[in-house]
Amino acid sequence: MPPESSYLLYWLIVGCETAFWLVLLAGLAARYLLRRERLSRALLLSLPLVDILLVAFTAADLKSGTTATVAHGLATAYVGFTVAFGAVMVRWADQRFAHRFAGGPTPVRAPDRGWPAVRYEVGLWLRSIVAWIIALIVLIALIAYVDNDAITQPLHQWFRIALGSVFLWFVFGPVWSVVFFRRAAK
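## Remarks on the packing of aromatic side chains
- Applying the stated criterion to the full structure yields twelve aromatic pairs.
- When the centroid spacing of 6.5 Å and the interplanar angle of 85° are considered together, the rings of Trp21 and Trp92 count as edge-to-face. Taken together, the positions of Trp21 in helix H1 (residues 4–32) and Trp92 in helix H4 (residues 70–102) put the pair 71 residues apart, joining distant regions of the chain.
- The partly exposed category is assigned to Trp92, whose relative accessible area is 46%.
- Seen in terms of ring centroids, Phe97 and Phe101 are 4.6 Å apart; in terms of plane orientation they differ by 45°. Their pairing is tilted. Residue Phe97 and its partner Phe101 are both found in helix H4; the two are separated by four residues, about one turn of the helix.
- Looking at Phe101, the relative accessible area reads 40%, which means it is partly exposed.
- What links up through ring pairs into an aromatic cluster is the set Phe81, Phe85, Trp132, Trp158 and Trp169.

## A word on the layout of surface pockets
- Put simply, the largest pocket is a space of about 330 Å³.
- Val88, Arg91, Val108, Ala110 and Tyr120 are the residues nearest the centre of the largest pocket, which is lined by 13 residues in total.
- Elements represented by at least two residues in the lining of the largest pocket include exactly H4 and helix H5 (114–146).
- Per-element tally for the lining of the largest pocket: the top contributor is H4, with five residues.
- The residue makeup of the lining of the largest pocket, split by class, is seven nonpolar, two polar and four charged.
- The wall of the second largest pocket is formed by Phe20, Leu44, Leu47, Pro48, Asp51, Thr82, Val83, Gly86, Ala87 and Val90.
- Element by element, the count of residues in the lining of the second largest pocket is highest for H4, at five residues.
- When grouped by side-chain class, the residues that make up the lining of the second largest pocket number seven nonpolar, two polar and one charged.

## Notes on unusual backbone geometry
- Positive phi is not limited to glycine here, since Arg35 has a value of about 60°.
- The residue Arg35 is located in the loop between H1 and helix H2 (37–45) in this model.
- Here the phi dihedral of Asp147 falls at roughly 50°; this positive angle occurs in a residue that is not glycine.
- Following the sequence through the fold, Asp147 ends up in the loop between H5 and helix H6 (149–152).

Definitions and cut-offs
Residues numbered from 1 in each chain as written. Predicted model: local features only at pLDDT ≥ 70, side-chain atom pairs only at ≥ 80, totals over all residues. Heavy atoms only, no water. Phe/Tyr/Trp six-rings, centres within 6.5 Å; stacked < 30°, edge-to-face > 60°. Helix = DSSP H or I, 4+ residues; strand = E, 2+ residues; numbered from the N terminus. Buried < 20%, exposed > 50% of the residue type's maximum accessible area, 1.4 Å probe, protein only. 1 Å grid on protein atoms, 1.4 Å probe; cavity = no way out; pocket = protein on both sides within 12 Å on 5 of 7 lines; lining within 4 Å. Points joined across faces, edges and corners; volume = space filled by probe spheres on them. Nonpolar A, V, L, I, M, F, W, Y, C, P; charged D, E, K, R; others polar.

In structure tokens form, the structure reads like this:
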């Protein structure tokens, strides 16, 4: 049975995801509803603090002697993906918020046909590689910081998880869009 701190870490990951979206919505509300550009910028620039807090708690938990669990590896993956995909998510939300509340243009949809769809899927796949590189750098830093192989040994499985994830993303992203290629409407 995993230690109590693992359950807390899972909840912290959920809390960080919730905080990300709440801070993002607050930043966009400040920009488009309150017309407070500076406040909006400050809120949006504070989004990485959520990741820093998660890494700090994960490192402190491991340093205190807790044996690594899936939750600790998941925390590093979460950080990698929010850093790599954060700008994409902010841009996506900004377009929709601007359209809904500020009369902005209709949001741009992801292409779903033709070579633009394939290029889009390749771009997401490459971004997933960046996400895993970031996650693994954080993971390696945690392992080095804790410096206790008995505690951090379970984290080593995340190297295989990263490789498997990148492979599956390639198959069900770019390869899938080529195999089921649909010509763009003329």
